[in-house]
Amino acid sequence: MKSVLIGVGQAGGKLARELVEYDERMGFDAVRGAVAVNTAKNDLRELPFETVLIGQDRVKGQGVGGDNELGAEVMQSDSREVLSALEGDITAGTESIFVVAGLGGGTGSGGAPVLTKELKRIYDVPVYGLGILPGRDEGALYQVNAGRSLKTFAREADALLLVDNDAFRSTGESLTEGFDAINEEIAKRVGLLLAAGEVVDGVAESVVDSSEIINTLRDGGIAAIGYASAEAASDPEENINTVMSNARRALLTGSSLPDATDADAALLIVAGDNDSIPRKGVERARRWVEEETGSLQVRGGDFPLSSDRLATLVLLGGVERSDRLETFMERAQEAQAAETDLSGDDPADQWTNDDLDSLL
Ligand code: GDP
């Protein structure tokens, strides 16, 4: 799926860079352009693609701190500059646009939903969000910011692919080492997903294409993506169990949003050498995903590439009723209640009620 990336804020810029570098390293060429936007000049310095500094009249290149309302306002005033920076990148061949941001900060949290709304007014291709949720140890401001941004971003984007910063964390890492590791995990998942719709080596029976990704995300809302891989045997019969166990691990322990397994739709992609992918294994794994997600809309397909491993990607669409998100919304609501003395009701209602103010 030929895509253009827009990283908003510090995390957004870093993650967009990771995605660009992964796509280049793997020779996929699915990422057809990237732009980074920030209010903080320093955070744009080392990015290897076009950058746009917004809000100079208000914050003089110093960033908005954690003020995501200011982040939203500044994007509203300066979105035209961002849109003109994108003009060269978005062509007739572009199949989707991804707005990438950390939801807990200021610039990305406030700016990404505003920019998404503007992009949707102009372009016909889907505009997806790729949003990072703060880990549970991050402070109350991050949780409240992310709750408000999430609600608005999910409404404006065609779908919002979420990554929980607690998902890929290992013990003993510094925060920065941890971020780098998380960014690599996300880049692998999203990079493979975009490349899967592009194809590639050989003619497989059931190669995934971009329309299956778009259809899986068609109903909007929140999406998540899981991944797992293992060494492949050369005889496909011997790989049936591998494909099954990869699918289980992708969904149950390798997801960008842990514990989000109830979904409206899903796409299972098995990547590996064309001759080693077992048809029977893919079909069995697809049926397992149907049972596990409770969805009758589970698509499946191959991504042929030369590798001695087999990997499974599981894209889930419509996971907003999951326990993981309800836990997060509860956390955001409690953090906001502690600030404003609101009483906490059912966290699931946060998608529709006004306790967490929408940003737009
Ligand atoms: P902004 O520049 O004002 O948009 O703020 P940030 O992008 O720094 O957003 C802060 C949030 O993003 C916090 O919740 C951080 O945990 C998270 N964050 C910052 N940098 C990274 C990163 O490189 N990777 C990941 N996964 N999260 C990050």
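Refer to the preceding data block for the structure.
Residues numbered from 1 in each chain as written. Predicted model: local features only at pLDDT ≥ 70, side-chain atom pairs only at ≥ 80, totals over all residues. Heavy atoms only, no water.

### With respect to the overall build of the protein
Put simply, the rule is: Helical segments are the DSSP runs of H or I of at least four residues, strand segments are the runs of E of at least two, and each set is numbered from the N terminus. Contact between two residues is taken to exist if any of their heavy atoms lie within 4.5 Å; hydrogens are not considered. Charged-residue counts in this description rest on Lys and Arg as positive and Asp and Glu as negative, His and the chain ends being excluded. Working definition for charges: the position is that of NZ of Lys, CZ of Arg, CG of Asp or CD of Glu.
Per the secondary structure count, the protein includes 10 helices and 10 strands. In terms of overall dimensions, the protein has C-alpha extents of about 60 × 45 × 40 Å along its principal axes. Of the contacts formed within the protein by residues at least 6 apart in sequence, a portion of 79% connects residues at least 24 apart. Here the protein contributes 33 positively and 64 negatively charged side chains, and the mean placements of these two sets differ by 1 Å.

### Considerations on the site of the ligand
Defined as follows: Here, proximity means that at least one heavy atom of the residue falls within 4 Å of the molecule or strand. Whenever a nitrogen or oxygen atom comes within 3.5 Å of another N or O atom, the pair is scored as a polar contact, on the condition that within protein one atom can donate a hydrogen and the other can accept it, and that pairs from neighbouring residues in sequence are kept only if both atoms are in side chains. We get accessible surface area from the Shrake-Rupley algorithm with a probe of 1.4 Å; when it comes to residues, only the shown protein chains can shield them. Using a 1 Å grid laid over the protein atoms alone, points where a 1.4 Å probe fits but cannot get out form a cavity; open sets with protein on both sides within 12 Å along at least 5 of 7 lines form a pocket; any residue with an atom within 4 Å of a point counts as lining. Here the criterion for a molecule occupying a pocket or cavity is that more than half of its atoms lie within 2 Å of the pocket grid points.
Close to the ligand lie 17 residues, the nearest being Gln10, Ala11, Gly108, Glu138 and Asn183. Interatomic distance of 2.7 Å between a backbone N/O atom of alanine 11 and an oxygen atom of the ligand. Contacts to the ligand include glutamate 138, whose side-chain N or O atom sits 2.6 Å from an oxygen atom. Considered on its own, the ligand offers 570 Å² of accessible surface; in the complex 92% of this is hidden by protein. Of all the cavities here, the one that holds the ligand is the largest pocket. Of all the elements in the fold, those that place two or more residues in the shell around the ligand are helix H1 (9-26), helix H4 (107-122) and helix H6 (175-196). Residue contributions to the shell around the ligand peak at 4 residues, all from H1.

### With respect to the side chain of glutamate 212
The test is simple: Any residue under 20% of the maximum accessible area for its type is buried, any over 50% is exposed, and the rest in between are partly exposed; the area is computed with a 1.4 Å probe on protein chains only. Throughout this description, the term salt bridge denotes a Lys or Arg side-chain nitrogen within 4 Å of a carboxyl oxygen of Asp or Glu.
Here glutamate 212 lies in helix H7 (residues 210-216). Within the buried core, glutamate 212 has no salt-bridge partner, and the shortest N-O distance to an opposite charge, that of arginine 299, equals 5.6 Å. Those residues within four positions of glutamate 212 in sequence are excluded, and the remaining contacts are Val207, Leu267, Arg299 and Gly300.

### Brief notes about helix H9 (residues 279-293)
This is how the line gets drawn: Take the residue count of a helix, subtract one, and multiply by 1.5 Å to get its expected span. Note: the arc covers the axis-to-C-beta directions of the helix.
An ideal rise of 1.5 Å per residue puts 21 Å on 15 residues; H9 measures up with 21 Å between its terminal C-alpha atoms. For H9, the complete set of buried residues consists of Gly281, Val282, Ala285, Arg286, Trp288, Val289 and Thr293. Viewed end-on, H9 has its buried residues packed into an arc of 165 degrees, placing them on one side of the element. Away from its buried face by more than 90 degrees, H9 exposes Lys280 and Glu291. Residues of H9 that are buried make contact with helix H8 (240-252), strand E8 (265-272), strand E9 (298-304) and strand E10 (309-317).

### Some words on unusual backbone geometry
Phi at lysine 60 is positive, roughly 55 degrees, even though this residue is not glycine. In this structure, lysine 60 sits in the loop between helix H2 (56-59) and helix H3 (68-86).

### Concerning empty space enclosed by the protein
The condition that has to hold: Grid points are joined across faces, edges and corners, and a volume is the space filled by probe spheres set on the points. Classification used: nonpolar for Ala, Val, Leu, Ile, Met, Phe, Trp, Tyr, Cys and Pro, charged for Asp, Glu, Lys and Arg, polar for all others including Gly.
Counting across every chain of the model gives 2 cavities of 30 Å³ or more. Of the pockets and cavities examined, the largest cavity occupies roughly 50 Å³. Considering the residues around the largest cavity, the lining is formed by Asn215, Thr216, Leu217, Arg218, Asp219, Gly220, Asp264, Ala265, Gln297, Gly317 and Gly318. By residue class, the composition of the lining of the largest cavity is 2 nonpolar, 6 polar and 3 charged. The computed volume of the second largest cavity comes to approximately 30 Å³. Taken together, Phe98, Tyr128, Gly129, Ala159, Leu160, Leu161, Leu217 and Ala223 form the lining of the second largest cavity.

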